[in-house]
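Residue-level listing of the chains:
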Amino acid sequence: LPQWRGEDPEPSLESSDFKVGVNETKLKRLLSEFRNNNCPYADGKSCWEEAADVDKEHNRLGKNLRLLMRRRSAWNRSDLQSLFDLAYTYGQAAQFGRRAFSRQRPKKVSRSIAYLLVGNGDPFMRFEKVLAAGSPYKLKGMSEFGLTFLMHLWSPKEFAIINKYIDKALKMLKVSFG
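Keep in mind that what you see is a predicted model, and the values were worked out from it rather than measured.

For the pair helix α2 (residues 47–70) and helix α3 (residues 77–87), interaxial distance at closest approach is 11 Å and the crossing angle is 150 degrees. Classified by the interaxial angle, the pair formed by α2 and α3 is roughly antiparallel. α2 and α3 meet at a crossing whose hand is left-handed. Listed contacts from α3 to Leu61, Asn64, Leu65 and Leu68 of α2 are Asp79, Ser82, Leu83 and Leu86. A breakdown of the residues in the contact of α2 with α3 according to their chemical character gives five nonpolar, two polar and one charged.

Given below as C-alpha cells:
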C-alpha cells in the first residue's frame with residue numbers, strides 16, 4: 001500500500017469532549033423509558049433489548065469480517081459475495097451493485113478493503129479514496145453505505161453508525177461536541 005502523505009489524523013473524541021445538556025434526573029427518566037418502552041420495529045421488545053440484540057449481531061458480523069480479512073490473500077469470488085453480504089446486511093436496494101462488485105478481481109477488492117480498514121492515515125480520507133472515481137482503490141458496486149457498515153463492523157467504537165433514532169436521542173439529551 002502507498003504511504004500516507006497527508007496530515008496526521010485527528011485523535012478520536014474522548015467522553016470528556018461531549019457535554020450532555022439535561023440534568024441527571026431527566027437522564028434517568030429517559031433511560032428508564034428506553035428500557036421499558038415498546039420498540040416500534042421490534043416484536044414486543046423494548047428498545048433497550050433490541051439495542052442489545054443488534055449489538056450482539058454486529059459483534060458476530062464483525063468477527064466474520066475479521067476472519068475474512070485474515071485470509072484475504074486467498075480470496076476468491078465466493079469471498080467477494082460474503083464481503084458484499086456483510087456490507088449490506090440491512091440493505092435490500094444494494095443488491096443492484098452485487099454483479100458489478102462480484103466481477104472485480106478478488107486481489108483488487110482485498111487490497112482496497114485492507115487499505116480502507118487498516119491503511120495508514122486518516123480513515124475518513126481513506127474512505128473518500130475508496131469512493132473516488134478514478135481511484136486505484138475504487139470498488140465498483142460498493143456505495144458509501146456498504147463501506148460505512150464495514151468500517152463499523154471492523155471498529156464499532158471508532159466508527160459508530162448515526163441514524164435518525166440516534167440523532168433524535170442526541171437531540172433529546174442536548175448533547176454538544178466540544
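It is worth spelling out the packing of aromatic side chains at this point. For any pair of aromatic rings, the description consists of the separation of the ring centres together with the inter-plane angle of the planes. Across all of its chains, the model carries four aromatic pairs by this definition. Ring geometry for Phe84 against Tyr88: centres 4.8 Å apart, planes inclined by 45 degrees, an arrangement best described as tilted. One exposure class covers both Phe84 and Tyr88, and it is buried. Above the ring of Trp154, the side-chain terminus of Arg66 is found at 5.5 Å from the ring centroid.

Okay, the pattern of salt bridges next. Applying the stated criterion across every chain, the model contains seven salt bridges. For the salt bridge of Asp53 with Lys45, the shortest nitrogen-to-oxygen distance reads 2.4 Å. The exposure class assigned to Asp53 is partly exposed, which follows from its relative accessible area of 32%. For Lys45, a relative accessible area of 26% translates into the label partly exposed. Residue Asp85 is joined to Arg98 by a salt bridge in which the shortest nitrogen-to-oxygen separation is 2.4 Å. Highlighted residues: Asp85 in helix α3 and Arg98 in helix α4 (residues 98–102), separated in sequence by 13 residues.

A few words on the side chain of Ser135. Structurally, Ser135 is set in the loop between α6 (123–131) and α7 (144–154). Classification of Ser135 by relative accessible area gives buried; the value is 15%. From its side chain, Ser135 meets the backbone nitrogen of Tyr137 in a polar contact 3.1 Å long.

Here is a general trend for soluble globular proteins: nonpolar side chains tend to be buried in one another's company. Counting 29 residues, the largest nonpolar core has Leu83, Ile113 and Met142 as its most contacted members. Broken down by secondary-structure element, the contributors of at least two residues to this core are α2, α3, α5 (106–118), α6 and α7. Top contributing element to this core by residue count: α5, with six residues. Discounting chain neighbours no more than four positions away, the residues touching Leu83 are Leu65, Leu68, Trp75, Phe101, Val109, Ile113 and Leu150.

This next bit is on α6. Within α6 the residues assigned to the buried category are Pro123, Arg126, Phe127 and Val130. The buried residues of α6 occupy one face: seen down the axis, they fall within an arc of 105 degrees. Packing partners of the buried residues in α6 comprise α5 and α7. Measuring from the backbone nitrogen of Phe124 back to the side-chain oxygen at the start of α6 gives 2.9 Å, which picks out Asp122 as the cap.

Moving on, we get to the side chain of Gln104. Relative to the assigned elements, Gln104 resides in the loop between α4 and α5. Among all residues touching Gln104, those that are not within four sequence positions of it are Arg77, Leu80, Val109, Lys138, Leu139 and Lys140.

Predicted coordinates in areas of low pLDDT are best not read in detail. Model confidence for the protein is summarised by a mean pLDDT of 83, while 85% of its residues fall at 70 or above. Element-level pLDDT for the protein is lowest in strand β2 (residues 175–177), with a mean of 68, against a maximum mean of 94 in α5.

What counts and what doesn't
- Residues numbered from 1 in each chain as written.
- Predicted model: local features only at pLDDT ≥ 70, side-chain atom pairs only at ≥ 80, totals over all residues.
- Heavy atoms only, no water.
- Axes fitted to C-alpha atoms, helices over the stretch in contact; angles between N-to-C directions.
- Helix = DSSP H or I, 4+ residues; strand = E, 2+ residues; numbered from the N terminus.
- Parallel < 35°, antiparallel > 145°, perpendicular 65-115°, else oblique.
- Left-handed = near helix turned anticlockwise from the far one by under 90°.
- Contact = heavy atoms within 4.5 Å.
- Nonpolar A, V, L, I, M, F, W, Y, C, P; charged D, E, K, R; others polar.
- Phe/Tyr/Trp six-rings, centres within 6.5 Å; stacked < 30°, edge-to-face > 60°.
- Buried < 20%, exposed > 50% of the residue type's maximum accessible area, 1.4 Å probe, protein only.
- Lys NZ or Arg CZ within 6 Å of the ring centre and 35° of its normal.
- Salt bridge = Lys/Arg side-chain N within 4 Å of Asp/Glu carboxyl O.
- Polar contact = N/O pair within 3.5 Å; in protein donor to acceptor, adjacent residues only side chain to side chain.
- Core = buried A, V, L, I, M, F, W, Y, C linked by side-chain atoms within 4.5 Å.
- Arc of directions from axis to C-beta.
- pLDDT = per-residue confidence, 0-100.

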